[in-house]
Protein chains: 2
Amino acid sequence: MHSIRAAASLYSVSKNTVAEAYERLVAMGYLESRRGSGFYVTKRYQAPSPQRSHQLAQAIDTVSLLREQLVQDYAVRIGDGRPPETWMEGFNLRKAARLVKDYDDVSINNGYGNPWGFSPLRDRIAHLLHDRGVLSGPSDILLTHGANHAMDLVARQLLQPGDVALVDSPGYYPLFGKLKFSHIKLVGVRRMIDGPDTDDLEDKIKTYKPKVFFTQSLAHNPTGGGLTLPVAHRILKLADAYGMYVVEDDAFADVLAPNSPRLAMLDQLERVIYIGTFSKTLSASLRVGYVTANRAFVRALCDLKMVTLVTTSDFVERVVCGLIDSGQYMRHLRVLRQNISESTAKAVNILKRLGLEFPYGASGGGYYLWAQMRNIDEAVLAKQASDAGIFLAPGSLFFPDREATPSYPALRINVAYASDTRFVDFMERFIAAPMK
Amino acid sequence: MHSIRAAASLYSVSKNTVAEAYERLVAMGYLESRRGSGFYVTKRYQAPSPQRSHQLAQAIDTVSLLREQLVQDYAVRIGDGRPPETWMEGFNLRKAARLVKDYDDVSINNGYGNPWGFSPLRDRIAHLLHDRGVLSGPSDILLTHGANHAMDLVARQLLQPGDVALVDSPGYYPLFGKLKFSHIKLVGVRRMIDGPDTDDLEDKIKTYKPKVFFTQSLAHNPTGGGLTLPVAHRILKLADAYGMYVVEDDAFADVLAPNSPRLAMLDQLERVIYIGTFSKTLSASLRVGYVTANRAFVRALCDLKMVTLVTTSDFVERVVCGLIDSGQYMRHLRVLRQNISESTAKAVNILKRLGLEFPYGASGGGYYLWAQMRNIDEAVLAKQASDAGIFLAPGSLFFPDREATPSYPALRINVAYASDTRFVDFMERFIAAPMK
């Protein structure tokens, strides 16, 4: 605890007030006074110190895997969803905070701001989208607390408990957790090297009559795979024919070629709900993302955003806008792109040397590679890696249902970490003698 | 649009690139080029300029009222939920952003941070709670994107479509919207001058067997009313007897006396789920709030937060923590308290002179007064006020069901605005000749 004097100064109150408060807390058992030493929080109220859990066996469900990712206590983070700090060093958010300019539409201090989100940032995003050939105006772009918030809004707007949603298989596991929580039945659509398997998609549509298919077209998480234009075209024809929405989550758009094949570009937001975020390419600590769709649908999402969270943070949205307008974000993206391409090349070399294969290709442009292994038990591997302080993401975690798990075990590899010698050494030892 | 030269510099690309992009957008019909003048966004893609809607009749539903509040185009904002900018001038968030310090636990740039929220801020909140006699440790405090996010999490965790929830009547209307969206049946518990009517509460519990009662104990929105200890005690006895949770939303806690009677203080979080926020007393543009409850329940909420939004913004949570640690927040609260008490006294005088009455008392300590009128049609009043640029919040908006609407019309008055002469003059004219 602060000393009485320090606390009095910190909270701008008299020392008597602090002394009284401390005494009250001692009386309540919250504090204890140690003679000559000061006041201490009693044991039972102390926050448990973060412990290395090493319970990757539990990580079989979404919440646990999310927790593993958020807990920062693995030395080597091969299974991580994010790149290392050093990749983001182009930004110093402390400095960026100075960019919270007085844009001229609303003052910064107080209010809830615009329910759609900070309007100059929506304008900047509209420009980014036009570069990708997605012609959405600022008035149809809704800012969210990240892509996950956008997906949550879409799911809550479209789906009722018991409904079926199609998802990529393998696919983005935080989405699975979200949908399962809302009692949505997940049906996986097999992922191929050129995108979703459209024959499988058609079968599943016919069988389940789903309202929506959630997919990632580019730098797909977890496979790193992409999409071709003919596959995109066929997906949209099916969506049209069966009256189904397609949610396209494009988290890596800002580091990918603007003319990459996107569903939203072909369809121009008739059936496609398009989601973006600054979490993967700028900072996850800001929680800024967006969603755009046809006007009626995105208006309904805005109403839902208001009803559930009132609005998003005008303050951080100004920070992001300031980073774009100052040119810092674009400069940062150039460096990030180079880091990704160099690390991917290095990772592919190393993993090939270890005998791993890349059924989804080896140049997704994002952070992920899907590395397939033979004759290795994923769970045993992950457990032993965890004991060695290495966080791995076994492939089976990314399948929406157990039956769809493929015959070959695999790992989702974060390219930024794959050349860590502790990982490489561990893998060499494990492959030489895989204790089961 | 920016000139080609300006855009090239802004996005750090060559002028050729910009010229090409502009040409492409012209070709797509998004831009038009005016000779000698530059490039302009074509009409059909321009954001509609915000228009004064004057459709207060529509504001009968929650979403519309929320929208009215968020749209900044009324000159006089008597019905607003927030105080004016000037009350928040103690803060300059642009400067506050400098306070985003390198607290020593995690670096600021990149990651998702702790799923519970920025840990030093949870520690500061634990201290605020202890001042209120609520003994919750930092490890049981979950940070949220404001109080509404906390209520949304609680509702999603506890309730299924078709369930009944008890709410204050009149009560906090954004909560009603949230629950109605999720197909929860709302049942109002009559609000008295000393808190919820416990006889009515018992009847409703017996009839509907609800899992939860959402209430605001202090500076109640919309009545400004409070709670007495015997009423608090009886509510908790009923909650115990019938196995019901009570959600206590304490948005104004930081400007109220720490020893005010609170459900969470009596119950110590056995049955009470306690929600706080910095939106009313610091800034709504940060979106920082919190929830605490018994350990098992708050852990479930943390899992739900992860599954739905991954986490909250580490960045803004550092800003709030910096404002507390620098002493600025405490100094600001002293000024805010004084503004509230002076404005309330002034508002009460004026409204009494107009013949209005205060069935819930006249000193709630927050921003609201419930001013009751006789022989006045709320809807007519609100419509005419709206035409005169005055935003009013008619009492009937705050009732969860129509049957419960009281016999006397009323207004929720924001004490900060009540002495605006445009409002006072309008009311004098209206009362003299209430056109129907």
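Enquirer: Run through the overall build of chain A, naming residues and quoting values.
Expert: Across its full length, chain A carries 15 helices and 13 strands. The proportion of buried residues among the 436 residues of chain A is 61%. Put simply, chain A shows about 16400 Å² of open surface, and 51% of that area lies on carbon and sulfur atoms.

Enquirer: Requested: an account of the packing of helix α8 (residues 198-208) of chain B against helix α9 (residues 229-242) of chain B, with residues and values cited.
Expert: Residues and elements named next belong to chain B. In contact at an axis separation of 10 Å, α8 and α9 are set at 10° when each is read in the N-to-C sense. With respect to their mutual orientation, α8 and α9 come out roughly parallel. The residues of α9 that touch α8, namely those facing T198, D199, L201, E202, I205 and K206, are V231, R234, I235, L238 and Y242. For the contact of α8 with α9, the residue count by class is 6 nonpolar, 1 polar and 4 charged.

Enquirer: Can you lay out the pairing of strand β11 (residues 368-372) of chain B for me, pointing to particular residues and giving the numbers?
Expert: Counting buried positions along β11(B) gives 5 out of 5 residues, so the element sits mostly inside the fold. Residues Y368(B), W370(B) and Q372(B) of β11(B) are buried on one face, and the alternating residues L369(B) and A371(B), pointing to the opposite face, are buried as well.

Enquirer: Give a detailed account of the environment of R132(A), specifying residues and quantitative values.
Expert: Residues and elements named next belong to chain A. Looking at where R132 falls in the secondary structure, it is placed in the loop between α5 (119-131) and β3 (141-144). For R132, a relative accessible area of 5% puts it in the buried group. Separated by 60 residues in sequence, R132 and M192 have C-alpha atoms that sit 23 Å apart. Of the polar contacts made by the side chain of R132, one reaches the side chain of D254; its length is 2.4 Å.

Enquirer: An account of the sheet that holds strand β10 (residues 289-292) of chain A is requested, with residue identities and associated values reported.
Expert: Residue and element names in this part refer to chain A. With mixed pairing, 8 strands are arranged side by side in an open sheet as β3-β10-β9-β8-β7-β4-β5-β6. Edge strands, defined here as strands with exactly one partner in the open sheet, are β3 and β6 (195-196). Relative to strand β8 (residues 245-249), strand β7 (residues 212-215) runs parallel, the two sharing 4 bridges. By the bridge assignment, F214 is partnered in β8 with V247. Taken strand by strand, α5 contacts β3, β9 (272-277) and β10, and its axis lies near 115° from that of β3.

Enquirer: Could you give an account of the pairing of strand β10 (residues 289-292) of chain B, naming the residues involved and the relevant values?
Expert: Residue and element names in this part refer to chain B. Of the two faces of β10, the one carrying G289 and V291 and the one carrying Y290 and T292 are both buried. Bridge count for strand β3 (residues 141-144) against β10 is 4 bridges, and the pairing is antiparallel. Its bridge partner lying in β10, L143 is registered against Y290.

Enquirer: Go over the packing of helix α6 (residues 147-158) of chain A against helix α7 (residues 173-181) of chain A with me, naming the residues and quoting the values.
Expert: Residue and element names in this part refer to chain A. Packing of α6 against α7 leaves a shortest axis separation of 10 Å and a crossing angle of 35°. Between α6 and α7 the crossing geometry is right-handed. Contacts between α6 and α7 pair N148, M151, D152 and A155 from the former with P174, L175, K178 and L179 from the latter. In terms of residue class, the contact of α6 with α7 is built from 5 nonpolar, 1 polar and 2 charged.

Enquirer: Residues and numbers for the sheet that holds strand β7 (residues 212-215) of chain B, please.
Expert: The strands that make up a sheet are held in pairs by hydrogen bonds between backbone atoms, and each pair lies either parallel or antiparallel. All names here are of chain B. One open sheet accounts for 8 strands, arranged β3-β10-β9-β8-β7-β4-β5-β6; its pairing is mixed. Only two strands of the sheet have a single partner each, and these edge strands are β3 and β6 (195-196). Sheet topology note: the strand β4 (residues 164-169)/β7 ladder contains 3 bridges and is parallel. Counterpart to V167 in the pairing with β7 is F214. Each of β4, β5 (185-192) and β7 touches helix α7 (residues 173-181); the most contacted strand, β4, lies at about 165° to it.

Enquirer: Report on the environment of I390(B), specifying residues and quantitative values.
Expert: For I390(B), the location among the structural elements is in the loop between α14 (378-387) and β12 (393-394). For I390(B) and M244(B), which are 146 residues apart along the polypeptide, the C-alpha to C-alpha distance reads 41 Å.

Enquirer: Break down the environment of A253(A) for me, citing the residues and quoting the values.
Expert: All names here are of chain A. Within the secondary structure layout, A253 lies in the loop between β8 and α10 (263-267). For the pair A253 and K280, spaced 27 residues apart in sequence, the C-alpha to C-alpha distance is 9.6 Å. Residue contacts for A253: discarding those within four places in its chain leaves R132, R262 and Y274.

Enquirer: Describe the confidence of the model for chain A, naming the residues involved and giving the relevant values.
Expert: Residues and elements named next belong to chain A. The share of residues in chain A with pLDDT of 70 or more is 78%, and the mean pLDDT across the chain is 85. Across residues 43-60 the pLDDT falls below 50, and counting only partners more than four positions away or on other chains, this stretch makes 33 contacts in the model. The ipTM assigned to the predicted complex is 0.80, against a pTM of 0.82.

Enquirer: Outline the pattern of salt bridges, listing residues and values.
Expert: All chains considered together, the criterion is met by 40 salt bridges over all chains. Salt bridges sharing common partners tie together D199(A), E202(A), K206(A) and R234(A).

Enquirer: How would you sum up the packing of aromatic side chains? Please name residues and give values.
Expert: Following the criterion strictly, the structure yields 27 aromatic pairs over all chains and no others. Residues F315(A) and F315(B) carry aromatic rings whose centres are separated by 6.3 Å and whose planes lie at 25° to one another, so their mutual orientation is stacked. Placement of F315(A) in helix α12 (residues 314-325) and of F315(B) in helix α12 (residues 314-325) is noted, with the two residues assigned to different chains. Accessibility classification places F315(A) together with F315(B) in one group, the buried group. Note on W370(A) and F399(A): the rings are 6.1 Å apart at their centroids and 70° apart in plane angle, and the pair reads as edge-to-face.

Enquirer: Could you give an account of α9(B), with specific residues and numbers?
Expert: All names here are of chain B. Between its first and last C-alpha atoms α9 spans 20 Å; for 14 residues at 1.5 Å apiece the expected length is 20 Å, and the two agree. Inspection of α9 places V231, A232, I235, L236, L238 and A239 among the buried residues, and these make up the whole buried set. Projection of α9 onto a plane perpendicular to its axis shows the buried side chains occupying an angular sector of 155°, all on one side. Opposite the buried face of α9, by more than 90 degrees, sit the exposed residues P230, K237 and A241. At its buried positions, α9 is contacted by β6, α8, β7, β8 (245-249), α10 (263-267) and β9 (272-277). Positive phi shows up at G243, right after α9, with a value of about 60°.

Enquirer: Give me the lowdown on unusual backbone geometry, citing residues and values where you can.
Expert: Cis geometry is found at the peptide bond from N221(A) to P222(A), where omega equals 20°. Within the secondary structure, P222(A) is located in the loop between β7 and α9 (229-242). Here the amide bond leading from S169(B) into P170(B) is cis, since omega sits at 5°, within 30 degrees of zero. Phi at Q268(B) is positive, roughly 55°, even though this residue is not glycine. Within the secondary structure, Q268(B) sits in the loop between α10 and β9. For Q268(B), a relative accessible area of 33% gives the class partly exposed.

Enquirer: Could you give an account of α6(A), with specific residues and numbers?
Expert: Residue and element names in this part refer to chain A. Between its first and last C-alpha atoms α6 spans 16 Å; for 12 residues at 1.5 Å apiece the expected length is 16 Å, and the two agree. Most of α6 sits inside the fold, with 11 of its 12 residues counted as buried. Taken together, the buried positions of α6 are occupied by A147, N148, H149, A150, M151, D152, L153, V154, A155, R156 and L158.

Enquirer: Which residues make up the state of the cysteines, and what values go with them?
Expert: Residues and elements named next belong to chain A. Overall, the coordinates contain 0 disulfides over all chains when judged by the stated rule. For C302, which is in no disulfide, the shortest distance to another cysteine sulfur is to C321 and amounts to 18 Å. Its relative accessible area of 0% is what places C321 among the buried residues.

Cut-offs applied
Residues numbered from 1 in each chain as written. Chains lettered and ligands numbered in written order. Predicted model: local features only at pLDDT ≥ 70, side-chain atom pairs only at ≥ 80, totals over all residues. Heavy atoms only, no water. Helix = DSSP H or I, 4+ residues; strand = E, 2+ residues; numbered from the N terminus. Buried < 20%, exposed > 50% of the residue type's maximum accessible area, 1.4 Å probe, protein only. Areas by Shrake-Rupley, 256 points an atom, 1.4 Å probe, with all protein chains shown as cover. Axes fitted to C-alpha atoms, helices over the stretch in contact; angles between N-to-C directions. Parallel < 35°, antiparallel > 145°, perpendicular 65-115°, else oblique. Contact = heavy atoms within 4.5 Å. Nonpolar A, V, L, I, M, F, W, Y, C, P; charged D, E, K, R; others polar. Polar contact = N/O pair within 3.5 Å; in protein donor to acceptor, adjacent residues only side chain to side chain. Pairing = 2+ DSSP bridges. Left-handed = near helix turned anticlockwise from the far one by under 90°. pLDDT = per-residue confidence, 0-100. Salt bridge = Lys/Arg side-chain N within 4 Å of Asp/Glu carboxyl O. Phe/Tyr/Trp six-rings, centres within 6.5 Å; stacked < 30°, edge-to-face > 60°. Expected span 1.5 Å × (residues − 1). Arc of directions from axis to C-beta. Disulfide = S-S within 2.5 Å.

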